[in-house]
Amino acid sequence: MTEASTVHEFPEKSGSASNRTARVLADRAAGEAYVASVCFKHGPPRLTGVELEFTVHHADDPARPLDPDLLATALGPHTPRTLRPDSPASPLPAGSPVSLEPGGQVEISALPQASLRDLDAAVTADLHHLRDRLARHGLVLGESGIDAHRPPRRILRTPRYAAMERRFAPIGPGGITMMCSTAGLQVCVDAGESEHYAARWAAAHAMGPPLLALFATSRVHAGHDTGHASARWLAVHDTEAVRTRTARVAGDPAGAWAGRLMDVPLMVLPRAGRPWDAPEGLTFADWIDGRGVAALLPKPTAADLDYHLTTMFTPVRPQGYLEIRYLDAQPPGEWLPPVALVAALLARPSTVDKVRDLCASVADRWTTAARRGLADPDLAAAAAALADLGCAELGATGLAEESITEISESVQGRAYRSRSQA
């Protein structure tokens, strides 16, 4: 949801990025070919990244509205330009760029690493630095996937977020809640080799409901018990179905995703000196073909299509790598177990196949997972099976033995306690 399309530097596979994105798209076929080429880059899985979002609170009164000036002072040189346009926007010491969501949620996007041991070291260093800076100004990071203390309130005054708020308001409260109150944990992994990427894509989706249930942390919002395991996910789901629903996973993922992107209406239309509200119902295919109001607009470029990609909020979003977006934020010191479990479950083709088998009966139970979590017996059973499978594969992630033991105890303890309760 941030202003930039991505901050991860998974390697380019071909061509100059600047030349490619400046190219005018001649027709729908050119747009689909571009999407397929940039969203699903094939190669051996090597890297894992993570994006950690947190709500931010005044330590003495977490229900007090966040002071954006104090937040900018605390972040100092790391303040994103969406809050302070003249900021140097320096990355954190281990290289993680900092961004902000519309309600002031802080996001750090760790540079991808070849092992989870290296990723853990980088994120731990950057989180320590971030928390120390915030603490010196009386601010703390939240510990759940939704603001437990405050109702949604937008503090970023950018054209994109203003247009989004206006667009989502008639649909219901989900949009403003997603924008300003939610915090997620996003795991980023390589798409995989050409013969395996479709299976990895399918497995990343299939394990979504049980993992959402297993790591749900967002029951309390704005001081009230919602009664739902993941109020965060329900807010995302209720925002705008065309850009939040699960992608089709059967067949060719690249072709299906490319076709879908052409038919999704523009969420915003960046324009200098004017509001960014997009013409109602204008799809990207309409824009390319010059239909209706699009006849008055310049022909779109690949860069415009890149930006359109950032307006999709699906459970798994292809960005050249797979961005797994369905997990709630965890307390700052507890982010590694879910990331390690996801990485382990996708570590080998044989494990990917087992994931799909284990999750076949619950693969589409997103709403049940968000509402009931592991109180649902079928989801609890699938989560426990995934915990066993993933913990047995943790050795393939590059973690030290003591970390593997700690993560296994955390993940399996959570899965089996909840299954017993269910």
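My aim in this report is to walk through the structure given alongside it, one point at a time. Just so we're clear, the structure is a prediction, and the values are computed from it rather than from any experiment.

This part takes up the packing of aromatic side chains. Enumeration over the complete set of coordinates arrives at seven aromatic pairs. Ring plane angle 75 degrees and centroid distance 6.3 Å describe the contact between Trp201 and Trp257, whose orientation is recorded as edge-to-face. Here Trp201 is found in helix α7 (residues 197-206), whereas its partner Trp257 is found in helix α11 (residues 253-263), with 56 residues between them in sequence. Just as Trp201 is buried, Trp257 falls in that class too. When the ring of Trp276 is compared with that of Tyr307, the centres are 6.3 Å apart and the planes differ by 75 degrees; the resulting orientation is edge-to-face. With Trp276 in the loop between α11 and α12 (284-289) and Tyr307 in helix α13 (residues 302-309), the pair connects residues that are 31 residues apart, well separated along the chain. Chaining the aromatic ring pairs together yields one cluster made of Phe40, Tyr197, Trp201 and Trp257.

Following the sequence through the fold, Ser230 ends up in the loop between β8 (224-225) and α9 (231-237). A residue is classified by how much of its surface remains accessible, and Ser230, at 0% relative accessible area, is buried. Linking Ser230 and Asp252, residues 22 residues apart in sequence, is a C-alpha distance of 31 Å. The residues touching Ser230, leaving out its near neighbours within four places in the chain, are Leu212, Ala216, Ser218, Asp328 and Ala370. A distance of 3.1 Å separates a polar atom in the side chain of Ser230 from the backbone nitrogen of Trp233.

Let us look at the packing of helix α14 (residues 336-345) against helix α17 (residues 377-392). Two numbers describe how α14 lies on α17: the axes approach to 8 Å, and their chain directions differ by 80 degrees. Classified by the angle their axes make, α14 and α17 are roughly perpendicular. On the side of α14, the interface is formed by Leu341, Ala344 and Leu345, while α17 contributes Leu386, Ala387, Leu389, Gly390 and Cys391. Across the contact of α14 with α17, the residue classes break down as seven nonpolar, one polar and no charged.

Reading the values: rules and limits
- Residues numbered from 1 in each chain as written.
- Predicted model: local features only at pLDDT ≥ 70, side-chain atom pairs only at ≥ 80, totals over all residues.
- Heavy atoms only, no water.
- Phe/Tyr/Trp six-rings, centres within 6.5 Å; stacked < 30°, edge-to-face > 60°.
- Helix = DSSP H or I, 4+ residues; strand = E, 2+ residues; numbered from the N terminus.
- Buried < 20%, exposed > 50% of the residue type's maximum accessible area, 1.4 Å probe, protein only.
- Contact = heavy atoms within 4.5 Å.
- Polar contact = N/O pair within 3.5 Å; in protein donor to acceptor, adjacent residues only side chain to side chain.
- Axes fitted to C-alpha atoms, helices over the stretch in contact; angles between N-to-C directions.
- Parallel < 35°, antiparallel > 145°, perpendicular 65-115°, else oblique.
- Nonpolar A, V, L, I, M, F, W, Y, C, P; charged D, E, K, R; others polar.

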